[in-house]
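Report on the structure
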Amino acid sequence: MKILVINCGSSSIKYQLLDADSESVLAKGLLERIGISGSKLTHKRGEEKFEFTKDIADHTEGLALIIDALQDEKTGVVKNINEIEAVGHRVVHGGERFASSVLLDDEVIREVEANNFLAPLHNPANIEGIIAAKKILPSVPHVGVFDTAFHQSMTETAYLYAIPYSLYRKYKIRRYGFHGTSHRYVANRVANILGKPIKELKIITAHIGNGASVAAVKYGRSVDTSMGFTPLEGLVMGTRSGDVDPAIVPFLQEQEGFTAGEVNNLLNKESGMFGLTDHQFVDMRDIEERAAKKDPLCMRAHNIYEYRLAKYIGAYAAAMNGVDAIAFTAGVGENSPFLRENVVNKYLNYLGIELDREKNNCKGCEIIISTPQSKVKVLVVPTNEELVIARDTSEIVKKGLKELKLWED
Ligand SMILES: Nc1ncnc2c1ncn2[C@@H]1O[C@H](COP(=O)(O)OP(=O)(O)O)[C@@H](O)[C@H]1O
Ligand SMILES: CC(=O)OP(=O)(O)O
Ligand SMILES: [Mg+2]
């Protein structure tokens, strides 16, 4: 079954066309700068790469261009659009309503829309993508897979903030957590690699990309995670601050005359590694390169980054009253031996962890990087959110389901 997986951002569309039966990627790509002049499509078929520059006004036009590339004689992988049998969509915020992957009918789309106020930066673009894709591929099933769904297993002890409970009742202000599709995939891979049932394991998954979060996955269920009401809380990220004292917000409003929107922008887009390096670097490769040459600003930023991550791992070992395995994933987690070694050897040896330096010296591999004697196993597991979306979509379609539960009750 050929499944198109799409991940719509406000000005971009990432996509993969997969054969869900063989789990192979037929083509993938990225359309950037939608609605901004100089839109660019980078389309890959195996090792072949094609680039097109053409101004694209909106997501409907963007998806039409992607479909053209998928069925074009020169760049395509299907003869006809009808070969695409289903579409899987990444949806960032499912609120409390979605603890599963779901068939996107009109009623469900309305319910997803009702969560827009919870994720104004992400959800409206996701919905635009769903509506556009349904226009272009009206006769195939569309499925939504939510970043928040896997974390809906958290108990209120983990998800409630200590603010008036009435605000939870009124606005559903609580921890939701994100990157759930990735944490779910990685935790299951860890169990597989260790050859143990996930129901017997306490796993900490660290999704360290440009956006970053840690999750505590106890016996197959997420029991806590570092992102919160929005994807701003928790770790230091590329441009996001992660945890700060909330009193900094009114302080800046008063002292600098910032509006609420300006402070939000500062914490989401001007902070993190970007802010700590005086707005010079976001990309971890640049920061590591300079930190290795003893650039004081980059060394300091990196120290803060790894320290925050180590603190969360320690906290989640406590949250689960133990930990069997720690897994690193996403852009930085998969590709940075430097980060992994620093986090483990500076802060986590007390857990009885021993890192195998040679094994750790790898990029993008799926591997155990702790020694056989290590009390807690440490792994690198490349994430694959698109594959999970394709699997869920295929299962819903093949079994004729309306929704697919992520765990048993
Ligand atoms: N070899 C590497 N060493 C260190 N960091 C890397 C390496 N390759 C990629 N990264 C980092 O991964 C991050 C992007 O991760 P990714 O998971 O793709 O993020 P997102 O999906 O949030 O955009 C960037 O900060 C990039 O610098
Ligand atoms: C939800 C979120 O933070 O996603 P990303 O890491 O893709 O920005
Ligand atoms: Mg990502």
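Residues numbered from 1 in each chain as written. Chains lettered and ligands numbered in written order. Predicted model: local features only at pLDDT ≥ 70, side-chain atom pairs only at ≥ 80, totals over all residues. Heavy atoms only, no water.

Quick notes on the layout of surface pockets
As a volume, the second largest pocket reaches approximately 530 Å³. Together, 20 residues line the second largest pocket, and R184, N188, I198, G220 and L406 are the ones closest to its centre. The set of elements that each furnish at least two residues to the lining of the second largest pocket consists of helix 6 (180-194), helix 15 (385-399) and strand 15 (403-405). Among the elements that take part in the lining of the second largest pocket, helix 6 stands out by supplying five residues, more than any other. Broken down by class, the residue content of the lining of the second largest pocket amounts to eight nonpolar, three polar and nine charged. (1 Å grid on protein atoms, 1.4 Å probe; cavity = no way out; pocket = protein on both sides within 12 Å on 5 of 7 lines; lining within 4 Å. Points joined across faces, edges and corners; volume = space filled by probe spheres on them. Helix = DSSP H or I, 4+ residues; strand = E, 2+ residues; numbered from the N terminus. Nonpolar A, V, L, I, M, F, W, Y, C, P; charged D, E, K, R; others polar.)

Examining the UniProt feature "binding site: Mg(2+)" (unreviewed entry) in the chain
Under the UniProt annotation, "binding site: Mg(2+)" (unreviewed entry) lies at N7 and E385. Spanning 379 residues, the named residues form one tight spatial group whose C-alpha atoms are at most 10.0 Å apart. Inspection of the secondary structure puts N7 in strand 1 (residues 2-8). Residue N7 is classed as buried on the basis of its relative accessible area, which comes to 17%. If sequence neighbours within four positions are ignored, N7 has contacts with S12, I13, K14 and R90. Tracing the backbone shows E385 in helix 15. When residues no more than four places from it in sequence are discounted, the contact partners of E385 are T181, S182 and H207. (UniProt positions renumbered as here; feature names shortened; annotations may be inferred. Buried < 20%, exposed > 50% of the residue type's maximum accessible area, 1.4 Å probe, protein only. Contact = heavy atoms within 4.5 Å.)

Concerning the UniProt feature "binding site: substrate" (unreviewed entry) in the chain
Sites flagged by UniProt as "binding site: substrate" (unreviewed entry) map to R90. Following the sequence through the fold, R90 ends up in strand 6 (residues 84-91). Excluding anything up to four places from it in sequence, R90 contacts I6, N7, N126, V145, D147, H179 and I389.

Looking at the sheet that holds strand 15
The nine strands are arranged 5-4-3-2-1-6-8-7-15 in an open sheet whose pairing can be described as mixed. Across the chains shown, the open sheet's two edge strands, defined by having one partner strand only, are strand 5 (48-53) and strand 15. Recorded for the sheet is a direction-independent mean angle of 15 degrees between the axes of neighbouring strands. Alignment of strand 2 (residues 13-19) against strand 3 (residues 24-32), held across seven bridges, turns out to be antiparallel. Each bridged residue has a counterpart across the sheet, and for K14 the counterpart in strand 3 is L30. Strands in contact with helix 1 (residues 59-71) are strand 1, strand 2, strand 3, strand 4 (40-45) and strand 6; relative to strand 2, the strand with the most contacts, it is inclined by about 35 degrees. Running over the sheet, helix 3 (residues 123-136) touches strand 1, strand 6 and strand 8 (142-146) and is turned about 170 degrees from strand 6. (Pairing = 2+ DSSP bridges. Axes fitted to C-alpha atoms, helices over the stretch in contact; angles between N-to-C directions.)

Some details on the pattern of salt bridges
Applying the stated criterion across every chain yields a total of 19 salt bridges. Between D356 and K359 there is a salt bridge, and its shortest N-O distance comes to 3.6 Å. Taking relative accessible area as the criterion, K359 reaches 37% and is therefore assigned partly exposed. One salt-bridge network, held together by shared partners, links E96, K172 and R174. (Salt bridge = Lys/Arg side-chain N within 4 Å of Asp/Glu carboxyl O.)

Focus: the sheet that holds strand 12 (residues 325-329)
Pairing within the open sheet is mixed, and its six strands lie in the order 11-10-9-12-14-13. Edge strands, defined here as strands with exactly one partner in the open sheet, are strand 11 (221-225) and strand 13 (367-368). Where strand 9 (residues 202-208) and strand 12 come together, five bridges link them in parallel fashion. Bridge assignment links H207 to a residue of strand 12, and that residue is T329. The sheet strands contacting helix 11 (residues 296-319) are strand 9, strand 10 (212-218), strand 11 and strand 12, and the helix crosses strand 9 at an angle near 160 degrees.

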